Amino acid sequence: MLPRPRGCGLRARRRRGSDGARRGDAAGRDGGSEPSASEGPVASARAIFDAIGPDDPFCSAAVLRGDDLVFAEAYGADADGPVTTDTEVDIASVSKQFTGLAITRLIDEGDLAASDRVGELVPASRPATDDLTVAELLTHTSGLADYGDLLPQEYDEPATQREAIDAIARSEPTGTRGEFEYSNSNYVLLAEVVRAVSGEPLPDHLEHEVFGPLDLAMAVDPRGAWTQVGDGSIWTTPTELVTWSEQFWDQTLDGPALPSALFAIEVPTGEDDGGTDERYGAGVMRATLDDGAEAVYHDGSWDGYETDWVTIPDERLAAAVTCDEDADIQSDTVALDLLELWRR
């Protein structure tokens, strides 16, 4: 049993209303699965979503095995009509792994050190970050309060990245430094570290260094009233997420080896659920399944959407699911449920 990730933090607790999603031209329930090649798992996967009718709150899902997209389907509708496997949403805290990757690559290149002081890199975040390190932000061990609890705005009222940084700078700790305490403030600040070190805003940096080179249809693109980056705001699809996951077993991206580089610095989260020993690295978690396999994962929730992503790199498997928060789904571990179908 995999412990339920606490990855969404603010984005799990408080959501804005949906502002719609972009969509591609594909239509219908079947977005590209090949039932004849693997009818058993595909049929079982479809059964997970059986309760979702064509006009019901939607789900979209994808499974990758090796380099083969063995399942990619969408069910239901959003405010704009039927969804497809090309319908993009804000994947919320699942975005954090890409902020973590940017930081990891800058450390690998020698432009940044995990021990560097955040207050020196991002002076606007002082005094709250005066002696905090990059490593403490990566692993949620800074003790910083979550900016969502600091800002006075409601979620339909404009709130900028700078306003979040200013609120963090004036804040008092709400956690114990050195202990894991999930806070979105850490990754908003890491976006500013990327800007300070690379000279590029995080959206441009990820496009140039990751999304572009891998030809991924992903973008850091805050679209609602709250426009923070680093902790979320990547828009993409489950298919693109599992395509990205292939880098964990067949890496083509330059830089440090994945996924191990994302766990070069890690801490226990305190969620051990049967001895799984969950640990948090650079925007991702890992834990041991009941059968000894190691899973890497994160989830996220924002703006009425919930995304669940999990991969088992040693088995060359990945799954991702995005659903409307009101979708009729009985399991809260759908991505892992899908993976299990192709592990049999």
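Each value, and the rule that gives it
Residues numbered from 1 in each chain as written. Predicted model: local features only at pLDDT ≥ 70, side-chain atom pairs only at ≥ 80, totals over all residues. Heavy atoms only, no water. Helix = DSSP H or I, 4+ residues; strand = E, 2+ residues; numbered from the N terminus. Buried < 20%, exposed > 50% of the residue type's maximum accessible area, 1.4 Å probe, protein only. Contact = heavy atoms within 4.5 Å. Areas by Shrake-Rupley, 256 points an atom, 1.4 Å probe, with all protein chains shown as cover. Pairing = 2+ DSSP bridges. Axes fitted to C-alpha atoms, helices over the stretch in contact; angles between N-to-C directions. Salt bridge = Lys/Arg side-chain N within 4 Å of Asp/Glu carboxyl O. pLDDT = per-residue confidence, 0-100. Polar contact = N/O pair within 3.5 Å; in protein donor to acceptor, adjacent residues only side chain to side chain. Parallel < 35°, antiparallel > 145°, perpendicular 65-115°, else oblique. Nonpolar A, V, L, I, M, F, W, Y, C, P; charged D, E, K, R; others polar.

**Q** I keep staring at the overall build of the protein and nothing clicks. Help me out?
**A** If you tally the helices and strands in the protein, you get 11 helices and 13 strands. Per-residue burial over the protein gives 58% buried out of 344 residues. Long-range contacts, defined as pairs at least 24 residues apart, comprise 68% of the intrachain contacts of the protein with a sequence gap of at least 6. In the structure as shown, the protein presents an accessible area of about 13,200 Å², 44% of it carried by carbon and sulfur atoms.

**Q** I tried to follow the sheet that holds strand β8 (residues 267-268) on my own but got confused; where do I start?
**A** In any sheet, the strands associate via hydrogen bonds between backbone groups, in a parallel or an antiparallel arrangement. Sheet architecture is open: 8 strands sit in the order β2-β1-β13-β12-β11-β10-β9-β8, paired in antiparallel fashion. Looking at strand neighbours, the two that pair on one side only are β2 (68-75) and β8, the edges of this open sheet. Here strand β9 (residues 279-280) runs beside strand β10 (residues 285-288); their pairing, made up of 2 bridges, is antiparallel. Note on β10: the bridge partner recorded for Tyr280 is Met285. Packing against the sheet, helix α10 (residues 238-245) makes contact with β1 (59-65), β2, β12 (305-312) and β13 (317-324), and its axis sits at approximately 155 degrees to β13. Those strands touched by helix α11 (residues 334-343) are β1, β2, β12 and β13, and its axis lies near 145 degrees from that of β13.

**Q** How should I be thinking about the pattern of salt bridges in this particular structure?
**A** Pairs may arise between side chains of opposite charge once their charged atoms sit close together. Tallied over the entire structure, the rule returns 16 salt bridges. In this structure, the salt-bridge partner of Arg223 is Glu88, at a minimum N-O distance of 4.0 Å. Of this pair, Arg223 sits in the loop between β6 (219-220) and β7 (234-236) while Glu88 sits in the loop between β4 (81-82) and β5 (89-90), placing them 135 residues apart in sequence. Overall, Glu88 belongs to the buried group, its relative accessible area being 11%. As a salt-bridge pair, Glu266 and Arg279 come within 3.3 Å of each other at their nearest N and O atoms. Note that Glu266 is positioned in the loop between α10 and β8 and Arg279 in strand β9, a separation of 13 residues in sequence. By relative accessible area, Arg279 is classed as partly exposed at 21%.

**Q** Would you explain the pairing of strand β11 (residues 294-302) in this entry?
**A** In summary, the side chains of a regular strand alternate between the two faces of the sheet. Counting buried residues in β11 gives 8 out of 9 residues, a clear majority hidden from the surface. Connecting β10 to the antiparallel partner β11 that follows it, the hairpin turn spans 5 residues, and Gly292 within it adopts a positive phi of roughly 95 degrees. Relative to β12, β11 is paired through 7 bridges, and the arrangement is antiparallel. Directly across from Trp302, in β12, lies its bridge partner Tyr305.

**Q** Would you mind showing me how to read the pairing of β10 here?
**A** Side chains of β10 alternate between two faces, with Met285 and Ala287 buried and Arg286 and Thr288 left unburied. Connecting β9 to the next strand, β10, in antiparallel fashion are 4 residues, including Gly283 with a positive phi near 80 degrees. For β10 and β11, the ladder comprises 4 bridges, and the chain directions are antiparallel. Paired with Ala287 across the two strands is Ala295, which belongs to β11.

**Q** So what exactly am I meant to see when it comes to the sheet that holds β5 here?
**A** Spatial ordering of the open sheet is given by β5-β7-β6, a layout of 3 strands whose pairing is antiparallel. The open sheet has two free edges, formed respectively by β5 and β6, since each of these has just one partner strand. As defined by bridge partners, β6 adjoins β7 across 2 bridges and the pair is classed as antiparallel. Note on β7: the bridge partner recorded for Ala219 is Trp235.

**Q** Help me understand α11, please; the structure alone is not making it clear to me.
**A** The periodicity of an α-helix, 3.6 residues per turn, causes residues three or four positions apart to be oriented the same way. Within α11, 7 of the 10 residues are buried, leaving the element largely enclosed by the surrounding structure. Here α11 has its buried residues at Val334, Ala335, Leu336, Leu338, Leu339, Leu341 and Trp342.

**Q** Looking at this model, I keep getting lost on the confidence of the model for the protein. Mind explaining?
**A** As a note on interpretation, predicted positions should not be read in detail where pLDDT is low. Chain-level statistics for the protein give a pLDDT mean of 89 and a share of 87% at 70 or above. Counting interchain partners and residues more than four positions distant, the pLDDT-below-50 stretch residues 3-28 has 106 contacts. Here residues 32-38 is modelled with pLDDT under 50, and outside its nearest four sequence neighbours on either side it reaches 11 contacts, counting other chains as well.

**Q** Would you mind showing me how to read the side chain of Thr311 here?
**A** Summarising the element assignment, Thr311 is placed in strand β12. By relative accessible area, Thr311 is classed as buried at 0%. At 2.7 Å, the side chain of Thr311 forms a polar contact with the backbone oxygen of Leu317. Other than its neighbours up to four places away in sequence, Thr311 contacts Ser245, Phe248, Trp249, Glu294, Ala295, Val296, Leu317, Ala318 and Leu339.

**Q** Sorry if this is basic, but what is going on with the packing of helix α3 (residues 96-108) against helix α9 (residues 202-211) here?
**A** Two quantities define a packed helix pair, namely the angle between the axes and the distance from one axis to the other. Remark: α3 packs on α9, axes separated minimally by 11 Å, with the N-to-C direction vectors making an angle of 75 degrees. In terms of orientation, α3 and α9 fall into the roughly perpendicular class. The residues of α9 that touch α3, namely those facing Phe98, Thr99, Leu101, Ala102, Arg105 and Leu106, are Leu202, His205, Leu206, Glu209, Val210 and Phe211. Of the residues that constitute the contact of α3 with α9, the class distribution is 8 nonpolar, 2 polar and 2 charged.

**Q** Where do I start with the environment of Gln330 in this structure?
**A** Tracing the chain through its elements places Gln330 in the loop between β13 and α11. Along the backbone, Gln330 and Phe49 are 281 residues apart, and their C-alpha atoms lie at a distance of 9.1 Å.

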